[in-house]
Amino acid sequence: MTNDQGQTVRDYFGLRLGNHVRLLLPWECSPEVMVLSRREIYPIPGMVDACLGVYSHEMVRANGHSPLLWVIDLADWLSDLMGFQPPVLSETEELTVVVITDNSKDGEMLTKQQLLGLVVSAVAGKVSLSPDQVAPLPPKAKPVLAPYCTGWARIDGGKMAAILNLPALWAATAIVH
């Protein structure tokens with residue numbers, strides 16, 4: 001897709017963590033939004049705190065099996081990297097979960113089709129940005145952010161949003177796969 005100036009526009013999916021942190025996921029991760037009660041997620045002993053557990057997801061793969069969806073509290077997982085306090089969720093609180101798909105190819109060029117549920121505070125939906133609207137990370141950003149973010153843009157009336165690096169996100173969450 002191109003804009004009025006003939007620039008190629010890239011689509012992202014906007015997320016919010018807490019009241020101030022805005023993130024963008026590249027659209028190619030095929031985001032879907034669902035609401036779950038925390039009680040519907042089955043905890044797995046021995047996992048990191050950010051891994052809330054698994055949910056029996058109703059999305060059916062081509063082979064007809066219903067996969068288990070790993071559910072990660074994205075704010076908790078990124079809190080050390082982004083420098084904010086994750087919200088404390090109650091056991092009955094409904095959770096907004098963005099289900100993303102790893103559409104990358106494996107060594108045999110087959111699509112992996114792994115699913116991951118990311119708990120977020122809110123969704124902003126589709127955001128289309130041209131290359132001139134995307135900037136590299138500011139020099140003052142923590143050096144540890146560079147592997148997890150590819151840049152930033154202003155959305156929602158000029159608020160800063162970090163663009164997540166999907167391959168790095170999948171690699172960092174490999175502990176739950």
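Quick note: structure is the one above.
Residues numbered from 1 in each chain as written. Predicted model: local features only at pLDDT ≥ 70, side-chain atom pairs only at ≥ 80, totals over all residues. Heavy atoms only, no water.

Draft legend 1. Inspection of unusual backbone geometry at higher detail. A positive phi angle, near 55 degrees, is found at Ser-30, a position not held by glycine. For Ser-30, the position within the fold is in the loop between β2 (21-26) and β3 (32-37). Residue Asp-156 is not a glycine yet carries a positive backbone phi of 45 degrees. On the accessibility criterion, Asp-156 (43% relative accessible area) is partly exposed. (Helix = DSSP H or I, 4+ residues; strand = E, 2+ residues; numbered from the N terminus. Buried < 20%, exposed > 50% of the residue type's maximum accessible area, 1.4 Å probe, protein only.)

Draft legend 2. A look at the packing of aromatic side chains. Inspection of the entire model under this criterion finds two aromatic pairs. When the centroid spacing of 5.8 Å and the interplanar angle of 50 degrees are considered together, the rings of Phe-13 and Trp-27 count as tilted. Here Phe-13, found in strand β1 (residues 10-17), pairs with Trp-27, found in the loop between β2 and β3; they are 14 residues apart in sequence, far enough to count as distant. By relative accessible area, Phe-13 is classed as buried at 7%. When the ring of Trp-77 is compared with that of Tyr-148, the centres are 5.9 Å apart and the planes differ by 85 degrees; the resulting orientation is edge-to-face. (Phe/Tyr/Trp six-rings, centres within 6.5 Å; stacked < 30°, edge-to-face > 60°.)

Draft legend 3. Broad picture of the sheet that holds strand β6 (residues 94-102). Strands sit in the order β3-β6-β7-β5-β4 across an open sheet of five strands; the sheet is mixed. With one partner strand each, in any of the chains shown, β3 and β4 (51-56) form the two edges of the open sheet. Each adjacent strand pair in this sheet contributes to an overall mean axis angle of 35 degrees, direction not counted. In this structure, β3 lies alongside β6, joined through six bridges in antiparallel fashion. If you follow Val-33 over to β6, its bridge partner there is Val-98. (Pairing = 2+ DSSP bridges. Axes fitted to C-alpha atoms, helices over the stretch in contact; angles between N-to-C directions.)

Draft legend 4. Seen up close, the side chain of Arg-22. Along the chain, the position of Arg-22 falls in strand β2. A distance of 3.3 Å separates a polar atom in the side chain of Arg-22 from a polar atom in the side chain of Asp-156. Leaving out residues up to four positions away in the same chain, Arg-22 has contacts with Leu-15, Arg-16, Ile-155, Asp-156, Lys-159, Met-160, Ala-161 and Ala-162. (Polar contact = N/O pair within 3.5 Å; in protein donor to acceptor, adjacent residues only side chain to side chain. Contact = heavy atoms within 4.5 Å.)

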